[in-house]
Amino acid sequence: MRSLKHLFKVLFLLSFTSSFSQTVTLSENAEVSVLTCGNGNEMYSLFGHTAIRINDPENGIDQVYNYGAFDFDTPNFVVRFSKGDLQYFVTAGRFADFLYSYNYEQRSVYEQTLNISQQQKQQLFDRLTATLISDERFYTYKFIDRNCTTMVVELLNDILDGPVLKKVDATDVTYREILYPYFDNHFYEQLGTSIIFGSKVDQLGEKIFLPIELFNSIELATYRGNQLKKSQKTWLEFDRADSKMSWWNNPITYVLLLLLVVVANNDRLNMIYFLIAGLIGTFFTIAGWYSYHGELANNYNALLLNPALLLLIYFHYRRNRIWFNRLAWFCIASILIYLVIMIGKIHLLIVLPIVLSLLIILSRYIYSYHKSIKT
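Calculation notes
Residues numbered from 1 in each chain as written. Predicted model: local features only at pLDDT ≥ 70, side-chain atom pairs only at ≥ 80, totals over all residues. Heavy atoms only, no water. 1 Å grid on protein atoms, 1.4 Å probe; cavity = no way out; pocket = protein on both sides within 12 Å on 5 of 7 lines; lining within 4 Å. Points joined across faces, edges and corners; volume = space filled by probe spheres on them. Helix = DSSP H or I, 4+ residues; strand = E, 2+ residues; numbered from the N terminus. Nonpolar A, V, L, I, M, F, W, Y, C, P; charged D, E, K, R; others polar. Contact = heavy atoms within 4.5 Å. Buried < 20%, exposed > 50% of the residue type's maximum accessible area, 1.4 Å probe, protein only. Expected span 1.5 Å × (residues − 1). Patch = residues over 30% accessible without salt bridge, like charges linked within 9 Å, V, L, I, M, F, W, Y side chains within 5 Å. Areas by Shrake-Rupley, 256 points an atom, 1.4 Å probe, with all protein chains shown as cover. Salt bridge = Lys/Arg side-chain N within 4 Å of Asp/Glu carboxyl O. Phe/Tyr/Trp six-rings, centres within 6.5 Å; stacked < 30°, edge-to-face > 60°. Lys NZ or Arg CZ within 6 Å of the ring centre and 35° of its normal. Axes fitted to C-alpha atoms, helices over the stretch in contact; angles between N-to-C directions. Parallel < 35°, antiparallel > 145°, perpendicular 65-115°, else oblique. Left-handed = near helix turned anticlockwise from the far one by under 90°. Pairing = 2+ DSSP bridges.

Q: Looking at this structure, how should I read empty space enclosed by the protein?
A: It is the rolling of a water-molecule-sized probe over the atoms that shows where space remains empty. Applying the stated criterion to the full structure yields one cavity of 30 Å³ or more. Taken as a whole, the largest cavity spans an internal volume of roughly 60 Å³. Around the largest cavity, the lining residues are Arg 176, Leu 179, Tyr 180, Phe 183, Gln 190, Thr 193, Ser 194 and Phe 197. Among the secondary structure elements, those contributing two or more residues to the lining of the largest cavity are α6 (175-179) and α7 (187-196). Tallying contributions element by element places α7 first for the lining of the largest cavity, with three residues. Here the residues of the lining of the largest cavity are counted per class, giving four nonpolar, three polar and one charged.

Q: Sorry if this is basic, but what is going on with the side chain of Thr 149 here?
A: Inspection of the secondary structure puts Thr 149 in helix α5 (residues 148-159). Apart from the residues within four sequence positions on either side, Thr 149 is in contact with Thr 50, Ile 208, Phe 209, Leu 210, Pro 211 and Leu 214.

Q: Which parts of the structure should I look at to understand unusual backbone geometry?
A: Residues apart from glycine generally show negative phi values, whereas peptide bonds are mostly found in trans. Of note in the backbone geometry, Arg 224 takes a positive phi value of approximately 55 degrees without being a glycine. Here Arg 224 falls in the exposed class, since its relative accessible area comes to 63%. Positive phi values are uncommon outside glycine, yet Asn 298 reaches one of about 50 degrees. The class for Asn 298 is exposed, based on a relative accessible area of 60%.

Q: I'm lost on helix α10 (residues 267-290) in this one. Help?
A: An α-helix turns once per 3.6 residues; consequently, residues spaced three or four apart project the same way. The terminal C-alpha atoms of α10, which comprises 24 residues, lie 34 Å apart, in line with the 34 Å expected from a rise of 1.5 Å per residue. If you check which residues of α10 are buried, you get Asn 270, Met 271, Tyr 273, Phe 274, Ala 277, Gly 278, Gly 281, Phe 284 and Ala 287.

Q: Hey, could you run me through a nonpolar patch on the surface in this one?
A: A surface patch of nonpolar side chains, amounting to about 410 Å² of accessible area, comprises Ile 252, Leu 256, Leu 259 and Val 263. Mapped onto the elements of the fold, Leu 259 is located in helix α9 (residues 251-264). Overall, the relative accessible area of 47% leaves Leu 259 in the partly exposed class.

Q: Looking at this structure, how should I read the packing of aromatic side chains?
A: Note on aromatic pairs: each is described by the distance of the centres and the angle between the planes. Tallied over the entire structure, the rule returns 21 aromatic pairs. A ring pair is formed by Phe 98 and Tyr 102, whose centres lie 4.7 Å apart and whose planes are at 35 degrees; its orientation type is tilted. Of this pair, Phe 98 and Tyr 102 both sit in helix α3 (residues 95-104), four residues apart, which is roughly one turn of that helix. With respect to burial, Phe 98 and Tyr 102 carry one shared label: buried. Taking the centre distance of 5.2 Å and the plane angle of 80 degrees together, the rings of Phe 187 and Tyr 188 count as edge-to-face. Using a relative accessible area of 27% as the deciding quantity, one classes Tyr 188 as partly exposed. Ring-pair connections join several aromatic residues into one group, and the members of that group are Phe 47, Phe 143, Tyr 182, Phe 183 and Phe 197. Seen from the ring of Phe 95, Arg 53 lies directly overhead, with NZ or CZ sitting 3.7 Å from the centre. Over the aromatic face of Trp 235 sits the side chain of Lys 233, whose NZ or CZ is 3.7 Å from the ring centroid.

Q: Would you take a moment to explain the packing of α9 against α10 for this structure?
A: When two helices pack together, their arrangement is given by the angle between the helix axes and by the axis-to-axis distance. Two elements in contact, α9 and α10, have axes separated by 8 Å at closest approach and are oriented at 135 degrees. Classified by the angle between their axes, α9 and α10 sit oblique to one another. You can see that α9 and α10 cross each other, and the crossing is left-handed. The segment α9 lies against α10, with Leu 258, Leu 260, Val 261 and Ala 264 engaging Leu 269, Asn 270 and Tyr 273. Counted by class, the contact of α9 with α10 contains six nonpolar, one polar and no charged residues.

Q: Would you mind showing me how to read the environment of Leu 228 here?
A: Along the chain, Leu 228 falls in the loop between β8 (226-227) and β9 (229-236). Spatially, the C-alpha atom of Leu 228 lies 9.6 Å from that of Ser 217, the residues being 11 residues apart in sequence. The residues touching Leu 228, leaving out its near neighbours within four places in the chain, are Thr 113, Leu 114, Asn 115, Ile 116, Leu 160, Val 164, Leu 165, Ala 221, Thr 222 and Tyr 223.

Q: Would you explain the pairing of strand β2 (residues 49-56) in this entry?
A: Remark: a regular strand shows side chains that alternate across the two faces of the sheet. Counting buried residues along β2, eight of its eight residues qualify, which places the element largely inside the surrounding structure. In β2, alternate side chains face the same way, and those of His 49, Ala 51, Arg 53 and Asn 55 on one face and Thr 50, Ile 52, Ile 54 and Asp 56 on the other are all buried. Alignment of strand β1 (residues 31-37) against β2, held across seven bridges, turns out to be antiparallel. Looking at the pairing, Ser 33 lines up with Arg 53 of β2. Linking β2 to strand β3 (residues 61-69), which pair antiparallel, is a turn of four residues; within it Gly 60 sits at a positive phi near 70 degrees.

Q: Help me out: how do you make sense of the sheet that holds β3 in this one?
A: Working definition: the strands of a sheet are paired by backbone hydrogen bonds and lie parallel or antiparallel to each other. On the basis of which strands lie adjacent, the open sheet formed by seven strands has the order β6-β4-β3-β2-β1-β5-β9 and antiparallel pairing. Looking along the sheet, the strands with just one partner apiece sit at the ends: β6 (138-140) and β9. Taken over all neighbouring pairs, the strand axes of this sheet differ in orientation by 25 degrees on average, direction set aside. Two strands pair when backbone bridges link them, and strand β4 (residues 87-94) and β6 are joined in this way by three bridges, in the antiparallel orientation. Within the sheet, the bridge partner assigned to Phe 89 lies in β6 and is Phe 138.

Q: Sorry if this is basic, but what is going on with the pattern of salt bridges here?
A: Side-chain pairs of opposite charge can arise where the charged atoms are in close proximity. For the structure shown, the criterion picks out 12 salt bridges. The partner of Glu 31 in a salt bridge is Lys 230, with the nearest N and O atoms 3.0 Å apart. Linking Glu 31 in strand β1 with Lys 230 in strand β9, this pair joins segments that are 199 residues apart in sequence. Classification of Glu 31 by relative accessible area gives partly exposed; the value is 23%. Exposure remark for Lys 230: the relative accessible area of 48% places this residue in the partly exposed category. The partner of Glu 111 in a salt bridge is Arg 53, and the shortest N-O contact between them spans 3.0 Å. Within this pair, whereas Glu 111 is found in strand β5 (residues 109-114), its partner Arg 53 is found in strand β2, the two being separated by 58 residues in sequence. Taking the relative accessible area as the measure of exposure, Glu 111 reaches 7% and is therefore buried. One continuous salt-bridge network, built from bridges that share partners, spans Glu 31, Lys 121 and Lys 230.

Next up, the structure:
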């Protein structure tokens, strides 16, 4: 079933119905619209999707232009994605195929037809057509700054000769707070993004970067004294509010696992815990200067998942109690600083079990070493 689902996606992304080598003049009945798609269950689809549709029945054109395509077969895909230089690209496909794939995935599709001039429709069509057959079809993906939605916003504002599309949703909340609800019933994805994102996502979310934000902007936007939205249509609508919680991907398994480590009070298990936490913290530290993703920089979560935990393991097995105690106190101090930084942040609760478990285990080692020295 998953392979069939993947096949449909690949077919859509690779289905260029026509690369117009000659300019086609759109008819007076041509329409330009923005498609806003609902979220799915896969990590890459949790935030929805934005695309542009150009429909001109008289010329036999009904194309969807999609800025969200990427190639899993790109050499060193994971490394390039982590580094932040993975190339995304624009594709074009038939609207019928687009709708079929989203119906298959049970994801909603809403269309907002734009009230723009014939000249602007033609300009947009020519730009997209030229982009498809040039190197401009590639762009470097950035989670907040350059994605399928921001690319459409940039293109449309350019066609409209000004920042017509502006954020109308709340701008007094952070990007992190905006993203958090999208992970409902995807607990470990929520935990992972909570700790992998650094300080950039704690900035106020003042720019449009999500499909629903663009949808809301078009809904209220005016252009030359008229509403930018000419009409709206719901093509597909699915209610995902009743999606069930996974038997394992939930906070219960998370808390139970950490509780097991604390209650077991097993030396080897503790060292494995330190190893995992230390390696994650090391990745955060390296990614902060290695990756072009601004969202990964200045990651204060490394104060919690501290790379120093790796040295702690070394001194533990070398039986160097002096340096073990020093590093243990350093890790505890780092966690306390981390807690101060976390005051008022939305992801404090989700990381609290890690905070408590590390404090308990580190304190036990310090106490046991101190007690053995006294005796």
